[in-house]
Amino acid sequence: MKTKVSTGLAEKFERDGFAVVPDLISAEECDKLKTEARRMLDSSGKPGTSVHLHMAATSPLFRSLAEDVRVVDALREVMPHGVMFLSDKIVYKSADKTFATPWHIDCFYWRNTRPKLSVWIPLDDAAAENGTLTVVPGSHRKDWKMVKMGLPSGDFVNEISNADWREGDIVTCGIKRGTGIIFSDRLVHGSTSNTAGKDRYAIISTYHAPAADEPFDLDFPARKVLVPAA
Ligand SMILES: O=C(O)CCC(=O)C(=O)O
C-alpha cells in the first residue's frame, strides 16, 4: 500500500488556522475562471456589490473547481472526517471597488452550525497594493466579538469589536494567482484595500464535514459530499 507523504498542511492549519497551498491551479485556469466570473457578474451580479454567490450551482467551470482533485486532496489533509462542499462565491476588487474587507471571522455568518473552512484562491496575483487577504495567525483559538458595520456596497456586515493584535501579528498574503489559502472559519481575516487600481478577483469555496443537512445548509443548492465520512 502506498503511504501518502505528509505536506505538513494539517500541522500548519492546526497551529496557525490557515495553510498556503502554492500553485493549486494554473495561470490558464485562472484566466478561464476570471472570464467566467466576469460573465456571471455581468449577467446576474447585483449592481454595486463586489460579492457574488452560488457560482457552482450554475457554472460547470466553477463546479469543477469546487470538486477538483487537487483541491480535495489538500482538504483531505485537514479534514479527517470527510469533505462536503457547501458553497462558493467571488469577491472582487478593482479600480472602483477599492474597499478593504473588514476584520472578521466567517463563523459569525453561520452561527450554531458545524465547523467549516474555506479555500481562498486569487485569480490575479494578489499583493498588499491590490487588496490581498490578511490573516492573524493563531487567532482561530480565541473568542471574538462582532459588531455590525456597513460597507457602502453592503457586502460585509460584521466586524470584530475586541481586536487585540498588533501590526506585527498580521500576515499580508502576497501570493501568485492560483495559489490556495485554506483557512478556518474561526480565523481572523480581512484584506488590504486596492490602491493599485488593478483587478483582484478571488474565489472562496466553503466546505464542512459530511452530515445530515442542517436548516442553514438548505440555502446552498450546490452542496455535495466529496469524501464520505470515514
Ligand atoms: O477576498 C476578500 O477580500 C476576503 C473575503 C472574505 O474575507 C470572506 O469572504 O470571508
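In the block above lies the structure referred to throughout.
Values in this document were obtained by computation on a predicted structure and should not be read as measured data.

Engineer: Where do I start with the overall build of the protein chain in this structure?
Structural biologist: Broken down by element type, the protein chain carries 5 helices and 12 strands. On C-alpha atoms alone, the protein chain measures out to a radius of gyration of 17 Å, which is about the 17 Å that the 2.2 N^0.38 rule sets for 230 residues. Projected onto its principal axes, the C-alpha positions of the protein chain cover 55 × 40 × 35 Å. Looking at the 230 residues of the protein chain, the share that counts as buried comes to 36%. Long-range contacts, defined as pairs at least 24 residues apart, comprise 86% of the intrachain contacts of the protein chain with a sequence gap of at least 6.

Engineer: Please clarify how the environment of valine 20 should be interpreted in this entry.
Structural biologist: Along the chain, valine 20 turns up in strand E1 (residues 18-21). The class of valine 20 is partly exposed, set by 18 C-beta atoms lying within 10 Å. Along the sequence, valine 20 and aspartate 96 sit 76 residues apart, while their C-alpha atoms lie 29 Å from each other. Excluding residues that lie within four positions of it along the chain, valine 20 makes contacts with Ile175, Thr179 and Ile181.

Engineer: What is the right way to read unusual backbone geometry from this model?
Structural biologist: With the exception of glycine, most residues fall at negative phi, and the peptide bonds are largely trans. Positive phi is not limited to glycine here, since histidine 54 has a value of about 65°. Residue placement: histidine 54 occurs in the loop between strand E2 (51-53) and helix H3 (55-58). Non-glycine residue asparagine 112 carries a positive phi angle of around 60°. Relative to the helices and strands, asparagine 112 is located in the loop between strand E3 (83-93) and strand E4 (116-122).

Engineer: Would you mind going over helix H2 (residues 27-44) with me for this structure?
Structural biologist: An α-helical segment advances 3.6 residues per turn. Residues three or four places apart therefore align on the same side. Taking 1.5 Å of rise per residue, 18 residues should cover 26 Å, and H2 covers 25 Å from first to last C-alpha, within 8% of that figure. Burial in H2 covers these residues: Cys30, Leu33 and Ala37. In a view along the axis of H2, the buried residues occupy a sector of 70°, so they form one face of it. Along H2, the residues that are exposed and aim more than 90 degrees away from the buried face are Glu28, Thr35, Asp42 and Ser43. Lining the buried residues of H2 we find helix H4 (60-67), E3 and strand E11 (200-208).

Engineer: What is the right way to read the sheet that holds strand E10 (residues 189-191) from this model?
Structural biologist: For sheets, the rule is that strands pair by backbone hydrogen bonds, running either parallel or antiparallel. Read across the open sheet, the 3 strands follow the order E8-E5-E10; overall the sheet is antiparallel. In the strand order of this sheet, the two ends are held by strand E8 (171-172) and E10, each with one partner. Sheet topology places strand E5 (residues 133-135) next to E10; 3 bridges connect them, and they run antiparallel. The partner of threonine 134 across the bridge, within E10, is glycine 190.

Engineer: Help me out: how do you make sense of the nonpolar core in this one?
Structural biologist: A general feature of soluble globular proteins is that nonpolar side chains tend to end up buried together. Core analysis: the biggest nonpolar cluster contains 49 residues, and Phe18, Ile182, Phe183 and Tyr207 have the highest contact counts within it. In terms of residues, this core owes the most to one element, E3, which gives 7 residues. Ignoring sequence-local partners within four residues, the contact set of phenylalanine 18 consists of Phe13, Val135, Ile181, Ile182, Phe183, Ser184 and Leu187.

Engineer: Mind showing me how you'd approach the site of the ligand here?
Structural biologist: Close to the ligand lie Val91, Thr101, Asp106, Leu133, His189, Ser191, Ala202 and Ile204. Breaking the shell around the ligand down by element, the ones donating at least two residues are E10 and E11. Looking at the shell around the ligand residue by residue, the classes come out as 4 nonpolar, 3 polar and 1 charged.

Rules behind the numbers
- Residues numbered from 1 in each chain as written.
- Predicted model: local features only at pLDDT ≥ 70, side-chain atom pairs only at ≥ 80, totals over all residues.
- Helix = DSSP H or I, 4+ residues; strand = E, 2+ residues; numbered from the N terminus.
- Rg over C-alpha atoms; globule rule 2.2 N^0.38 Å.
- Buried ≥ 20, exposed ≤ 12 C-beta atoms within 10 Å, placed from the backbone.
- Contact = placed C-beta atoms within 7 Å.
- Expected span 1.5 Å × (residues − 1).
- Arc of directions from axis to C-beta.
- Pairing = 2+ DSSP bridges.
- Core = buried A, V, L, I, M, F, W, Y, C linked by C-beta atoms within 7 Å.
- Near = placed C-beta within 6 Å.
- Nonpolar A, V, L, I, M, F, W, Y, C, P; charged D, E, K, R; others polar.

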